[in-house]
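Summary of structural features
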Amino acid sequence: EKKQSEIEVEIPAGVEDGVTVRLKGQGEAGRHSGPAGDLYIRLHVERDARFSREGDTVRSTVSVPLTAALLGGEIEVATLDGAVSLSIPEGTPHGAEFRLKGKGIVRVRGGRGDQVVTVEIQMPKKLNKEQRRLIEEFRKAE
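Note that the structure is a prediction, hence the values are computed from the model and not measured. (Residues numbered from 1 in each chain as written. Predicted model: local features only at pLDDT ≥ 70, side-chain atom pairs only at ≥ 80, totals over all residues. Heavy atoms only, no water.)

A word on the overall build of the chain. The secondary structure content of the chain amounts to two helices and eight strands. When its helices and strands are written in sequence order, the chain yields β-β-β-β-α-β-β-β-β-α. The C-alpha atoms of the chain give 25 Å as radius of gyration, which overshoots the globular expectation for 142 residues (14 Å, by more than 25%). Referenced to the eigenvectors of the C-alpha coordinate spread, the extents of the chain come out at roughly 90 × 30 × 20 Å. Split into buried and exposed, the 142 residues of the chain put 22% on the buried side. Considering only contacts in the chain between residues 6 or more positions apart, those separated by 24 or more positions represent 42%. Accessible area for the chain stands at about 11200 Å²; split by element, carbon and sulfur atoms hold 49% of it. Averaging the coordinates of the 23 positive side-chain charges in the chain and doing the same for the 23 negative ones gives two points 3 Å apart. (Helix = DSSP H or I, 4+ residues; strand = E, 2+ residues; numbered from the N terminus. Rg over C-alpha atoms; globule rule 2.2 N^0.38 Å. Buried < 20%, exposed > 50% of the residue type's maximum accessible area, 1.4 Å probe, protein only. Contact = heavy atoms within 4.5 Å. Areas by Shrake-Rupley, 256 points an atom, 1.4 Å probe, with all protein chains shown as cover. Lys, Arg positive; Asp, Glu negative; His and termini not counted. Charge placed at Lys NZ, Arg CZ, Asp CG, Glu CD.)

Structure follows, in structure tokens:
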């Protein structure tokens, strides 16, 4: 007869999807009153819509207003530890990447990876008359 029981398992920070954790002596009882075997648990890490993972590196994308990309500015970026401010330099192109040191996945053996943030420039869907006039002036000045 098989018995069911609940046990608490401590999962180390930074484990990857598909890793197997072995719990010594937590398996079924051995034959002829022998010692219990081991229990193996395969871990599946849930995905997050805001982040992707490459080893200990976290990747994310952030939308940046056109004006911030052209003129520079501060934007807010989500990290695993909460939002941080990121300085965007003047003239930042679409697809530019910024590295946030130590904001990635905790390494099982200590330390921490980085977060790489990719910039996605937000283009205005529609310009009002004043914006159009200013952009036309900008085009003439180029």
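This part covers the confidence of the model for the chain. Overall, the predicted model of the chain reaches an average pLDDT of 89, with 99% of residues at or above 70. For the chain, the element scoring lowest by mean pLDDT is strand β1 (residues 20-23), at 83; strand β7 (residues 97-100) scores highest, at 98. (pLDDT = per-residue confidence, 0-100.)

Let us look at the sheet that holds strand β4 (residues 57-65). Read from one edge to the other, the open sheet built from four strands follows the order β3-β4-β8-β7, with strand pairing classed as mixed. The open sheet is flanked by β3 (52-54) and β7, the only strands paired with a single partner. Strand after strand, the sheet turns through a mean of 35° between neighbouring axes, direction not considered. Inspection of the sheet shows β3 paired to β4 by three bridges, in the antiparallel sense. Looking at β4, one finds that Arg53 is bridged to Val58. (Pairing = 2+ DSSP bridges. Axes fitted to C-alpha atoms, helices over the stretch in contact; angles between N-to-C directions.)

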